[in-house]
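Here's the letter readout for the chains.
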Amino acid sequence: MSNLNNDSVNEIISLIKDGDLELAQNKVKSLLLEFPSSDVLLNLRGTIFLKKKEYEIAKSNFFKALKINPHFISAKINLGIVYQNLGKSEEALKCFKEITSVDNVLPEAYNNMGFILYTQNKYSEAIKQLNKAIELKKDYAEAFLNLGIVHLNLKKYQEAIKFFSQTLVHDKKLISVYYYLGECYKNISNIDKALSYYALSHHEKTNSRILECYFILNKKKEYQKLIGSISKNDPNNRRIAAVSAYISHQFNIRNTYPFCNKPLNFILKNNIKKNMENDSLEMQELIKEITDKKFTWELFGKTTVGGSSVYNLTQLGITSLSKLQSILVDKISNYKENFKNENCTFIQKWPKKYQFNIWSNILKSEGYNTSHIHPAGWLSGVVYLKIPLDIKKNEAGIEFSLYGDEYPNKIKNIPTITIVPEVCDLVLFPSSLFHKTIPFKSRSERMIIAFDIHKLQ
């Protein structure tokens, strides 16, 4: 709007860049009372919620901004990014394609399209779009980074190294590149060089990869020194908890990392059928309300193979899910009480306040989930809504193990625990524990609700 003060807008932009989202949100809210039809303010409010990962609210604001100004490129790009985060890649692609039809010299649109096409395993198309972005902006570091990631995924490690190196030529501040260079050299078994690059990176997996390199190089003393330092400075890191449990077993030493040093001892199974009956929660009603939502087949970046998923269920206003959450709160409290005497930070530093992250997963015949942990969670759980009847032995079960993330293997005998669940079973376990789904053959499907609790400060 013409009467909107540019200084106020610039101040909000600075607050967003500095991460002061609450103050930025309050200032936008105040200005919207005076300028309710400002596409700029609505775009800024959407950006704040995008940064807060409240994607549905962000989407609503970008829609409103674009209704007022259909040619608002920034809002259209932001809407595309929201769709990416919601796993709606086709909608995101449509946004970016619409931008290129209006402004075909905007490199960001081609870069974003390239990344989406990569997530869809359309590698040649992704490379074409990323090269277009670089044609328009010769020093486009993020496009070089994405080209490197595509070639890393294609296992063309030397080419990936070339693109990652080019990224650093144009932007030395993109230190995540060092992590990917480490991945390349680790995959071509140049562990010393991988270690040197990991040490330069500040990726969320940096320390776990360094520990892994020490293990491969059989540097037990260096491993123990680093794990001691991390134990003091970052005692609740779920990735470190996972790798330390595994490497301690492989080195045959005591696991000194304090989060959850014996994670296989913390698996607990309950059946909540009676609880659901007592709370008048109908299983078929719960299934219907969830399956009415839009599931995405083999969502990129997730672990599902041969199945579909829907995320962020807590934001979708599902009545029966609210009833289930009440049951889960009681069961989580019982879980903590059950292990109250265990001397690990997983129990002793239990969240005083937490929030749920809930999603659902449907597997078809021969579908499964690959081995993974939930690094953002504290406690994780699964509620079983449908289990095929015509399955054999451990099919459709959940397997827990210290092994995952393609760790190198020296001792072959790795402890595992397998649970073959029934409908209405609830399985709770530490978020740092690797788990996977065992494939099954059936005409029926397997449906679950999965969740993490996230510690609130």
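Look above for the structure.
Structural notes, computed from the coordinates. (Residues numbered from 1 in each chain as written. Predicted model: local features only at pLDDT ≥ 70, side-chain atom pairs only at ≥ 80, totals over all residues. Heavy atoms only, no water.)

### Describing the overall build of the protein chain
Helices and strands together make up the secondary structure of the protein chain, namely 19 helices and 10 strands. For the protein chain, the C-alpha radius of gyration of 24 Å lies close to 23 Å, the compact-globule estimate for 457 residues. Across the 457 residues in the protein chain, those meeting the buried criterion constitute 52%. Looking at the protein chain alone, contacts between residues at least 24 apart form 68% of all its contacts between residues at least 6 apart. With an accessible surface of roughly 22700 Å², the protein chain has 47% of that area assigned to carbon and sulfur atoms. Each charge class in the protein chain was averaged separately, 62 positive and 46 negative side chains, and the resulting centres sit 4 Å apart. (Helix = DSSP H or I, 4+ residues; strand = E, 2+ residues; numbered from the N terminus. Rg over C-alpha atoms; globule rule 2.2 N^0.38 Å. Buried < 20%, exposed > 50% of the residue type's maximum accessible area, 1.4 Å probe, protein only. Contact = heavy atoms within 4.5 Å. Areas by Shrake-Rupley, 256 points an atom, 1.4 Å probe, with all protein chains shown as cover. Lys, Arg positive; Asp, Glu negative; His and termini not counted. Charge placed at Lys NZ, Arg CZ, Asp CG, Glu CD.)

### Side note on the pairing of strand E3 (residues 304-310)
Of all 7 residues in E3, 6 are buried; the element is thus mostly enclosed. Of the strand pairs in this sheet, strand E2 (residues 296-297) and E3 are connected by 2 bridges, and their pairing is antiparallel. Within E3, the residue paired with Thr-296 across the bridge is Ser-309. Between the antiparallel neighbours E2 and E3 lie 6 residues, among them Glu-298 with a positive phi of about 45°. (Pairing = 2+ DSSP bridges.)

### Concerning the pattern of salt bridges
Counted under the stated rule, the structure contains 17 salt bridges. A salt bridge links Lys-294 to Glu-91, with the shortest nitrogen-to-oxygen separation between them at 3.0 Å. Placement of the pair is Lys-294 in the loop between helix H17 (283-291) and E2 and Glu-91 in helix H6 (residues 89-102), with a sequence separation of 203 residues. By relative accessible area, which is 55% here, Lys-294 ends up exposed. Two residues, Glu-445 and Lys-364, come together in a salt bridge whose shortest N-O distance is 2.6 Å. Residue Glu-445 is found in the loop between strand E9 (434-437) and strand E10 (446-455), and its partner Lys-364 is found in strand E4 (residues 354-369); the two are separated by 81 residues along the sequence. Salt bridges sharing common partners tie together Glu-183, Lys-186, Lys-205, Arg-209, Glu-212 and Asp-405. (Salt bridge = Lys/Arg side-chain N within 4 Å of Asp/Glu carboxyl O.)

### What about the sheet that holds strand E6 (residues 398-401)?
An order of E7-E6-E9 is seen for the 3 strands of this open sheet, with the pairing classed as antiparallel. Every interior strand has two partners, whereas the edge strands, strand E7 (416-419) and E9, have only one. Strand-to-strand, the axes of this sheet are offset by a mean angle of 20°, without reference to chain direction. Two elements, E6 and E7, share 4 bridges in a ladder whose sense is antiparallel. Bridged to Ser-401 within E7 is Thr-416. (Axes fitted to C-alpha atoms, helices over the stretch in contact; angles between N-to-C directions.)

### Looking at the side chain of Glu-183
Its place among the elements puts Glu-183 in helix H11 (residues 176-187). Once residues lying within four places of it in the same chain are set aside, the contact partners of Glu-183 are Leu-152, Tyr-198 and Arg-209.

### Observations concerning the sheet that holds E2
Remark on secondary structure: sheet strands pair via backbone hydrogen bonds, oriented parallel or antiparallel. Within the open sheet, the 7 strands sit side by side as E1-E8-E5-E10-E4-E3-E2. Their pairing is antiparallel. Of all the strands in the sheet, just strand E1 (268-271) and E2 have a single pairing partner and so form its edges. Where strand E5 (residues 379-386) and E10 come together, 7 bridges link them in antiparallel fashion. Within E10, the residue paired with Gly-381 across the bridge is Phe-451.

### Points about the side chain of Arg-446
Residue position: Arg-446 is located in strand E10. For the buried Arg-446, which has no salt bridge, the nearest side chain bearing the opposite charge is Asp-425, at an N-O separation of 10 Å. Separated by 3.0 Å, the side chain of Arg-446 and the backbone oxygen of Ala-396 make a polar contact. When residues no more than four places from it in sequence are discounted, the contact partners of Arg-446 are Asn-361, Ile-362, Leu-363, Asn-369, Tyr-384, Lys-386, Ile-387, Pro-388, Ala-396, Thr-437 and Phe-440. (Polar contact = N/O pair within 3.5 Å; in protein donor to acceptor, adjacent residues only side chain to side chain.)

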